[in-house]
Amino acid sequence: MDIVTRPRILVVGAGFAGVECVRRLERRLTPGEAELTLVTPMSYQLYLPLLPQVASGVLTPQSIAISLRRSEKYRTRIIPGGAIGVDLRAKVCVIRTIAGDVVDEPYDYIVLTPGSVTRTFDIPGLTDHAFGLKSLAEAAYLRDHVISQLDLADACTDPAERASRLQFVVVGGGYAGTETAACLQRLTHAAVKRYPRLDPGLIKWHLIDIAPKLMPELGEKLGRSAHEILTRRGIEISLGVSIAKAGAEEVTFTDGRVVPTRTLIWTAGVVASPLIGTLDAETVRGRLAVNADMRLPGHDGVFALGDSAAVPDLAKGDDAVCPPTAQHALRQGRHVAENVIAVLRGRSTRPYMHQDLGLVVDLGGTDAVSKPLGYELHGLPAQAVARGYHWSALRTGVAKARVMTNWLLNAVAGDDFVRTGFQMHRPGSLRDFEYLDAYLTPEQVRAHVEEAGRAAR
């Protein structure tokens, strides 16, 4: 078959859903059946649930960054960039490459898995002074920053400055925030032993969340257990509280407290990628409204899944949608690939259904809480389940070997406290990593595509 006549399948995003979709398409389609293209700024799949362990130095960054080009059978064309707009009528995706060029990529079928971005609010100073944890760069930056606060506190002579550098605030009582606070608190607790001039009592970690409970998805018993573990470690947990104002040297809570700190870590949830807003299509709480087979109603050849799509959760019913978790994204990716193939071959699509396998929360060391298949665990059994789940979910044997080696080395040799310095000359706040101003409006997308079409004629 002539390569020009092959249907063009474009997958946007290389997260769990996007990579699983591409891998299944590669295995199930012959080279002559379709042309596969993947749009992603990074040529690796990031295992997001383990980012807190990268930030705390338990894992090296490359251990959870799984190369997309490692397989010798890999035949998908990768466009290194990010999708900034989609014209559904013209069937064109507008892409800004990592070099800054804007290119148009036509498609016959498109699978939208652009993921999510950090959810922020109109809080004075938040995006300028808070750190996020959604990428390897942010994890590496945050680790360097936390260790540098210990170095600077050890060297300074001003008691007020020392106190502010040794206080850390994490906003978000979900999985990301809880694990981040737990892992980084263990890092500073171990590191301060190497600083004989510092009083360990000055190191204070605050975990705050506007919700009335910590990780309510775990249930009353396990949520209380996680709360007790963190409190026992000395982490001050404040519920029903958020941030009123953020500054370079202090943070004001909504209950009026002012905490002197140079470290504000924001993990208060995520929202769908701004790419969804360029489609001018129906959304559910910001996520693209799709059918149970993950097709966009009224648009042939358009599929959406993962964090940016409101996929009906048929296992729960009552208009529930699937939560933005890795286990759903993995299975949705494989399932949507089969549906794309079905449409391509003239067959019927199937609705997606998956029963949650459970939840795992790794609090570092021997501390964890897990709820596999409804069974509540804590301590070492929960830790074994949590790490076993993450280890088995890694896609390649090389990644599994690296992660397991890192875990064993950390258990035997303990933490190290080296600052890499890779990003010491650039800012690292939420504003610097999200690139939210790169996306186009629906009107800009249409105007761009029409202009490009006239220029081509």
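Note that the structure is a prediction, hence the values are computed from the model and not measured.

A surface patch of nonpolar side chains, amounting to about 350 Å² of accessible area, comprises Leu357, Leu373 and Tyr375. On the secondary structure map, Leu373 appears in the loop between strand 24 (368–372) and strand 25 (377–378). Residue classification places Leu373 among the exposed positions, given a relative accessible area of 62%.

Interhelical geometry of helix 9 (residues 380–393) versus helix 10 (residues 397–413) gives an angle of 150° and a closest axis separation of 9 Å. By the angle class used here, helix 9 and helix 10 are roughly antiparallel. Of the two possible hands of crossing, helix 9 and helix 10 adopt the one that is right-handed. Mapping the contact onto sequence places Arg387, Trp391 and Ser392 in helix 9 and Lys400, Met404 and Trp407 in helix 10. Partitioning the contact of helix 9 with helix 10 into residue classes produces three nonpolar, one polar and two charged.

Right, let's get into the side chain of Arg387. Within the secondary structure layout, Arg387 lies in helix 9. Taking the relative accessible area as the measure of exposure, Arg387 reaches 18% and is therefore buried. Among residues more than four places away in sequence, those in contact with Arg387 are Gln53, Asp362 and Trp407.

With that settled, consider the sheet that holds strand 24. Spatial strand order, 23-24-25: three strands in an open sheet with antiparallel pairing. The open sheet has two free edges, formed respectively by strand 23 (358–362) and strand 25, since each of these has just one partner strand. By the bridge criterion, five bridges tie strand 23 to strand 24 in an arrangement that is antiparallel. Directly across from Asp362, in strand 24, lies its bridge partner Ala368.

Time to look at the nonpolar core. Formed by 106 residues in total, the largest nonpolar core has its most connected members in Leu25, Ile64, Val86, Ile110 and Leu112. Of all the elements, helix 4 (residues 136–155) adds the most residues to this core, at eight residues. Ignoring any residue separated from it by four or fewer positions in sequence, one finds Val86 in contact with Val92, Cys93, Tyr107, Ile110, Leu112, Leu275, Thr278, Leu279 and Val445. If you look at the next biggest cluster of nonpolar residues, it comprises 16 residues, including Leu126, Val169, Val241 and Ile243.

Attention shifts here to the sheet that holds strand 13 (residues 235–239). Spatially, 10-17-11-12-13 is the arrangement adopted by the five strands of the open sheet, whose pairing is parallel. A single partner strand is all that each edge strand has here, and the edge strands are strand 10 (130–131) and strand 13. Relative to strand 12 (residues 204–209), strand 11 (residues 167–171) runs parallel, the two sharing five bridges. Within strand 12, the residue paired with Phe168 across the bridge is Trp205.

Our next topic: the pattern of salt bridges. By the definition in use, this model includes 19 salt bridges. Residues Arg8 and Asp108 are paired through a salt bridge, measuring 3.2 Å at the closest nitrogen-oxygen approach. Taken together, the residues Arg8 in strand 1 (residues 8–12) and Asp108 in the loop between strand 7 (102–106) and strand 8 (109–112) connect sequence positions 100 residues apart. Taking relative accessible area as the criterion, Arg8 reaches 30% and is therefore assigned partly exposed. Close ionic contact of Arg334 with Glu20 constitutes a salt bridge, the shortest N to O distance being 3.0 Å. Here Glu20 lies in helix 1 (residues 16–28) and Arg334 lies in helix 8 (residues 326–344), a separation of 314 residues in the sequence. The exposure class assigned to Arg334 is partly exposed, which follows from its relative accessible area of 26%. Assessed through its relative accessible area of 10%, Glu20 is described here as buried. Linked by salt bridges that have partners in common, Arg24, Arg28 and Glu338 make up one network.

Parameters at a glance
Residues numbered from 1 in each chain as written. Predicted model: local features only at pLDDT ≥ 70, side-chain atom pairs only at ≥ 80, totals over all residues. Heavy atoms only, no water. Patch = residues over 30% accessible without salt bridge, like charges linked within 9 Å, V, L, I, M, F, W, Y side chains within 5 Å. Areas by Shrake-Rupley, 256 points an atom, 1.4 Å probe, with all protein chains shown as cover. Salt bridge = Lys/Arg side-chain N within 4 Å of Asp/Glu carboxyl O. Helix = DSSP H or I, 4+ residues; strand = E, 2+ residues; numbered from the N terminus. Buried < 20%, exposed > 50% of the residue type's maximum accessible area, 1.4 Å probe, protein only. Axes fitted to C-alpha atoms, helices over the stretch in contact; angles between N-to-C directions. Parallel < 35°, antiparallel > 145°, perpendicular 65-115°, else oblique. Left-handed = near helix turned anticlockwise from the far one by under 90°. Contact = heavy atoms within 4.5 Å. Nonpolar A, V, L, I, M, F, W, Y, C, P; charged D, E, K, R; others polar. Pairing = 2+ DSSP bridges. Core = buried A, V, L, I, M, F, W, Y, C linked by side-chain atoms within 4.5 Å.

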